[in-house]
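Structural characterization, general
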Amino acid sequence: MGSPRAGSPAGAVDATAGVRVKVSNRYVEIKNGIFELTLSNPDGIVTGVRYNGLDNLMEILNKEDNRGYWDLVWNPPGQKSGIFDVIKGTEFRIIYHDENQAEVSFTRNWDPSLEGKAVPLNIDKRFIVLRGSSGFYTYGIYEHKEGWPDFGLGETRVAFKLRKDKFHYMAMADDRQRIMPMPDDRLPPRGQPLAYPEAVLLVDPINPDLRGEVDDKYQYSCEDQYNNVHGWMSFDPPIGFWQITPSVEFRTGGPLKQNLTSHVGPTALAMFLSAHYAGDELSPNFTNGEYWKKVHGPVFMYLNSSWDGSDPTMLWEDAKVQMMIEKESWPYSFALSEDFQKTEQRGCVSGRLLVRDRYIDDEDLYASGAYVGLALPGEAGSWQRECKGYQFWCRADVDGSFYIRNIITGNYNLYAWVPGFIGDYKLDATLTIASGDEIYLGDLVYQPPRDGPTIWEIGVPDRSAAEFYVPDPNPNYVNRLYINHPDRFRQYGLWERYAELYPNSDLVYTIGQSDYSTDWFYAQVNRKVDDNTYQPTTWQVKFSLDRVSSGSTYKFRVALASSARAELQVFFNDQDRGVPHFATGMIGRDNAIARHGIHGLYWLFNINVDSTWLVQGVNTIYLRQPRSQSPFQGLMYDYLRLEGPCGC
């Protein structure tokens, strides 16, 4: 794993050296000839990483317990505000040590005397160093024993705070990397806070090239399916520090769940559980003394270096290669906790998914590119809110074939959704995975919601609003990374552009004339009237019907990509009636508008439309979002479709 590249300076490393562990009263030092890892004893905090001639890659200006650490946010029952807890061990053990590897453990156990003062979990933090490996692994085993007190878990992660005098360049994708501001730039007078604390305008940054840009850590969020490697580079000396996550099985909420990555600090995060882009539904609550145990990780902190610091892409390209090596090595054979299952202990599931929609094709269609996964048993679509168990996902081939490998033993449902089709698939049977299982399910058929032929549709059913109109940012609030970028929605303040485009009246979309890529704003937001006042908005969809099939029921399907303390009210041809024809009530807390996401959680509403609500000729559907206390309350649409009655 992670062997140093040919570009490493000669003499700086001895990749053949054995792994050595030195334990003192205050520290545990592990080295392998390539780098040296220092952990506090018995806390298990990463206080130092020595590599490539640099005494410490961690921020030496920070206190030792604010460098590399596991943390969590928890709350006792009835307490809404979370308690931030940097997890410090109370007992240190060497699990295993020889020339080829060392695994050490820092445990913190709970007992009833700690009730209300500490999160009721036994936590075992592990660190692994291998011979010839340019980096270290960490994983954590969390256990809530039966009968222990109730609590909620809002977040857990590993954070690394690197030296701000060295690490200035951040990378998380081929097209998402840049020179970053300094942490000092975010503080007055260098930085000016914007609508919320995370967003800052760089007024007088240390690096003058960044003047006038916005910095916000949420602009560097990423869906878990793509969140495999990110990190920081130093140019002098040329060093990379990379956080590699080889599997998403231990993350919550499925492959579309978004999490933070790296941001100004310089900080690199390995996120395991969070409510970001989802809300409290992704914060598990443990009640009635339920038993729970979960392994988070292992994740890999990879170090690399090169002779030539002028081209950062070399280190990035190497980190991507290492990420693929780590993924191919999953599940790791060397992690020694019995709670972490190895390949031979796990099972596999395969099959083929087809889509049946007779209004599109007389034959079953291949579910090409479908997301197919296993998660804890629940309703169809429940995986996106599931946050206690493990999840295992793959993308189907062009013919709908899928193969899900390395599934931890247990009971699951099989779920799927297919880009291009609305709704969620769930296999009715519960699957019990035992060690060594190779379960072949054969052909499975998903019948997406459909009652009649499409009269019209807006958008693409892909659980995102990215296909709609995303405006240019206000030139005073730009992140230059996202100019002419596929992720243009990540700019700050786009919600305020709506009132500039529609100062007096709201969006009107005419079927057959309008184009959703230019005429449908990416989010239905409130209109800003002045600094603290916002108006609700009502959008209109106008369409013509040659005739109305009397006595019939039409169907209006609305898929939402996001909702933030918002409500959708639907009126057919009569926006002044006292009660809407359909209303969701207040839904969602995913905050994707404020956090520059283009989606949060997925919602699908299937609305029966009585033929008496429609008229021959021009019809108008009014889409009203009535809640207007904040600029960030609003909706993002994924897809809208009106279906005629069956056989019309």
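Residues numbered from 1 in each chain as written. Predicted model: local features only at pLDDT ≥ 70, side-chain atom pairs only at ≥ 80, totals over all residues. Heavy atoms only, no water.

Using the following cut-off: UniProt positions are given in the numbering used here, feature names are shortened, and annotations may be inferred rather than shown by experiment.
Looking up the protein in an unreviewed UniProt entry gives the name rhamnogalacturonan endolyase, with the organism given as Digitaria exilis. The Subcellular location (unreviewed entry) field of the UniProt record for the protein holds the comment "Secreted". Quoted verbatim from the Catalytic activity (unreviewed entry) field of the UniProt record, the comment on the protein reads "Endotype eliminative cleavage of L-alpha-rhamnopyranosyl-(1->4)-alpha-D-galactopyranosyluronic acid bonds of rhamnogalacturonan I domains in ramified hairy regions of pectin leaving L-rhamnopyranose at the reducing end and 4-deoxy-4,5-unsaturated D-galactopyranosyluronic acid at the non-reducing end."

1. Remarks on the environment of lysine 88
Let me state the cut-off plainly: Only DSSP runs of H or I covering at least 4 residues are called helices, and only runs of E covering at least 2 are called strands; the numbering of each starts at the N terminus. By definition in these notes, contact holds between two residues if any of their heavy atoms fall within 4.5 Å. Two N or O atoms form a polar contact when they lie within 3.5 Å of each other; inside protein one atom must be a possible hydrogen donor and the other a possible acceptor, and for residues adjacent in sequence the pair counts only when both atoms belong to side chains.
Of note, lysine 88 is situated in the loop between β6 (83-86) and β7 (91-97). Considered as a pair, lysine 88 and serine 40 are 48 residues apart in the sequence and their alpha carbons are 9.3 Å apart. Excluding residues within four positions of it along the chain, lysine 88 makes contact with Asp43, Ile45, Asp65, Arg108 and Lys125. Polar side-chain contacts of lysine 88 include one of 2.8 Å to the side chain of aspartate 65.

2. Description of the pattern of salt bridges
In plain terms, the rule: Any Lys or Arg side-chain nitrogen located within 4 Å of an Asp or Glu carboxyl oxygen qualifies as a salt bridge. Partly exposed residues are those whose accessible area sits between 20% and 50% of the maximum for their type, while under 20% is buried and over 50% is exposed, using a 1.4 Å probe and protein chains only.
This model, assessed by the stated rule, comprises 42 salt bridges. Across the pair arginine 126 and glutamate 103 runs a salt bridge whose closest N-O atoms are separated by 2.7 Å. In this pair, arginine 126 is assigned in strand β9 (residues 122-130) and glutamate 103 in strand β8 (residues 101-108), connecting sequence segments 23 residues apart. On the basis of relative accessible area, arginine 126 is assigned to the buried category, the value being 7%. Residue class for glutamate 103 comes out buried when judged on its relative accessible area of 0%. A salt bridge links aspartate 174 to lysine 320, with the nearest nitrogen and oxygen atoms 2.7 Å apart. With aspartate 174 in the loop between β12 (167-173) and β13 (176-179) and lysine 320 in helix α1 (residues 313-328), this pair connects stretches of sequence that are 146 residues apart. Taking relative accessible area as the criterion, aspartate 174 reaches 53% and is therefore assigned exposed. Connected via shared salt-bridge partners are Asp451, Lys555, Arg557, Arg641 and Glu643.

3. Re the confidence of the model for the protein
The predicted coordinates should not be examined in detail at positions where pLDDT is low. Note the following rule: pLDDT is a residue-level measure of predictor confidence that goes from 0 to 100.
Residues at a pLDDT of 70 or more form 98% of the protein, whose mean pLDDT is 96. Counted against residues more than four places away or in other chains, residues 1-11, with its pLDDT under 50, gives 39 contacts.

4. Details of the domain arrangement of the protein
Short version of the rule: Note that the domain bounds were set by an automatic or database domain assignment. What counts as buried area is the accessible surface, traced by a 1.4 Å probe, that two parts surrender upon association, with contributions from both included.
Domain assignment breaks the protein into domain 1 (20-176 + 217-329), domain 2 (343-446) and domain 3 (454-643). For domain 1 and domain 2, the distance between their C-alpha centres works out to 30 Å. Taken together, the contacts link 21 residues of domain 1 with 17 residues of domain 2. Among the residues domain 1 hides against domain 2, the three largest losses belong to Glu249, Pro255 and Glu281. Together they make up 36% of the total. Taken together, the links from domain 1 to domain 2 amount to three salt bridges. A salt bridge links glutamate 249 to arginine 346; the shortest N-O distance between them is 2.8 Å. If you look at where domain 1 meets domain 2, you find eleven residue pairs in polar contact (both at pLDDT 80 or more). At the level of secondary structure, the elements contributing two or more residues to the side of domain 1 that touches domain 2 comprise β23 (285-286) and β24 (292-305). Of all the elements, β24 adds the most residues to the side of domain 1 that touches domain 2, at three residues.

5. Concerning the side chain of asparagine 56
With respect to the helices and strands, asparagine 56 occurs in the loop between β4 (46-51) and β5 (68-75). A distance of 3.1 Å separates a polar atom in the side chain of asparagine 56 from the backbone oxygen of threonine 47. At 2.9 Å, the side chain of asparagine 56 and the backbone nitrogen of methionine 58 are in polar contact. Excluding residues within four positions of it along the chain, asparagine 56 makes contact with Thr47, Gly48, Val49, Arg67 and Arg163.

6. As for the pairing of strand β41 (residues 569-572)
The two faces of the sheet receive side chains in turn, since in a regular strand these alternate between them. Inclusion rule: What makes two strands pair is DSSP finding at least two bridges between them.
Burial of β41 is two-sided: the residues Gln569 and Phe571 facing one way and the residues Val570 and Phe572 facing the other way are all buried. In the sheet, β41 pairs with strand β42 (residues 582-583) via two bridges, with the strands oriented antiparallel. Within the sheet, the bridge partner assigned to glutamine 569 lies in β42 and is alanine 583. Two strands pair when backbone bridges link them, and β41 and strand β45 (residues 617-625) are joined in this way by four bridges, in the antiparallel orientation. Across the sheet, glutamine 569 pairs through a bridge with arginine 624, a residue of β45.

7. Points about the sheet that holds β45
One key point about sheets: their strands pair by backbone hydrogen bonds, in either a parallel or an antiparallel sense. Here five strands make up an open sheet; going across it, the order is β35-β39-β45-β41-β42 and the pairing mixed. Each end of this open sheet is capped by a strand with a single partner; those strands are β35 (508-510) and β42. Where β35 and strand β39 (residues 537-545) come together, three bridges link them in parallel fashion. Each bridged residue has a counterpart across the sheet, and for tyrosine 509 the counterpart in β39 is valine 541.

8. Some points on the pairing of β7
As defined by bridge partners, β7 adjoins β8 across six bridges and the pair is classed as antiparallel. Note on β8: the bridge partner recorded for phenylalanine 92 is phenylalanine 106. The turn linking β7 back onto β8 is made up of three residues.

9. Thoughts on the sheet that holds β7
For clarity, the cut-off: Axes, fitted as lines to C-alpha atoms, cover a helix only where it is in contact. Angles between the N-to-C directions of the axes lie from 0 to 180 degrees.
Here we have nine strands laid out as an open sheet, ordered β7-β8-β9-β10-β24-β19-β18-β12-β13, and antiparallel in their pairing. The sheet is open, and its two edges are formed by β7 and β13, each paired on a single side. Taken over all neighbouring pairs, the strand axes of this sheet differ in orientation by 15° on average, direction set aside. Inspection of the sheet shows β12 paired to strand β18 (residues 229-235) by four bridges, in the antiparallel sense. From the neighbouring strand, alanine 171 faces β18, where its bridge partner is glycine 231. The sheet strands contacting α1 are β10 (135-144), β12, β13, β18, β19 (238-244) and β24, and the helix crosses β19 at an angle near 30°.

10. With respect to the UniProt feature "domain: Rhamnogalacturonan lyase" (unreviewed entry) in the protein
Under the present numbering, the feature "domain: Rhamnogalacturonan lyase" (unreviewed entry) in UniProt falls on residues 368-439 and 454-642. Span residues 368-439 is 0% helix and 43% strand, its end C-alpha atoms 21 Å apart. This span, residues 454-642, is 5% helix and 40% strand, and a straight line between its end C-alpha atoms measures 6 Å.

11. Considerations on the packing of aromatic side chains
Quick reminder of the rule: Pairing of aromatic rings covers Phe, Tyr and Trp, the last through its six-membered ring, and needs centres within 6.5 Å; plane angles under 30 degrees mean stacked, over 60 mean edge-to-face, and all others mean tilted. Comment: the charge-over-ring label is applied if NZ (Lys) or CZ (Arg) is within 6 Å of the ring centre and within 35 degrees of the ring normal.
In the structure shown here, the tally under the stated rule is 50 aromatic pairs. Where phenylalanine 300 meets tyrosine 302, the ring centres are 5.9 Å apart and the plane angle is 35°; that geometry is what we call tilted. Their ring planes at 80° and their centres at 4.9 Å tell us that tryptophan 495 and phenylalanine 632 sit as a pair that is edge-to-face. With a gap of 137 residues between them, tryptophan 495 in the loop between β34 (454-459) and α2 (497-501) and phenylalanine 632 in the loop between β45 and β46 (634-643) connect regions that are remote in the sequence. With a relative accessible area of 5%, tryptophan 495 lands in the buried category. An aromatic cluster is present here, built from Trp70, Tyr137, Tyr139, Tyr142, Phe250, Phe272, Phe300, Tyr302, Trp330, Tyr332, Phe334 and Phe340 joined pairwise through their rings. Over the ring of tyrosine 390 we find lysine 294; its NZ or CZ atom is 5.6 Å from the centre of that ring.

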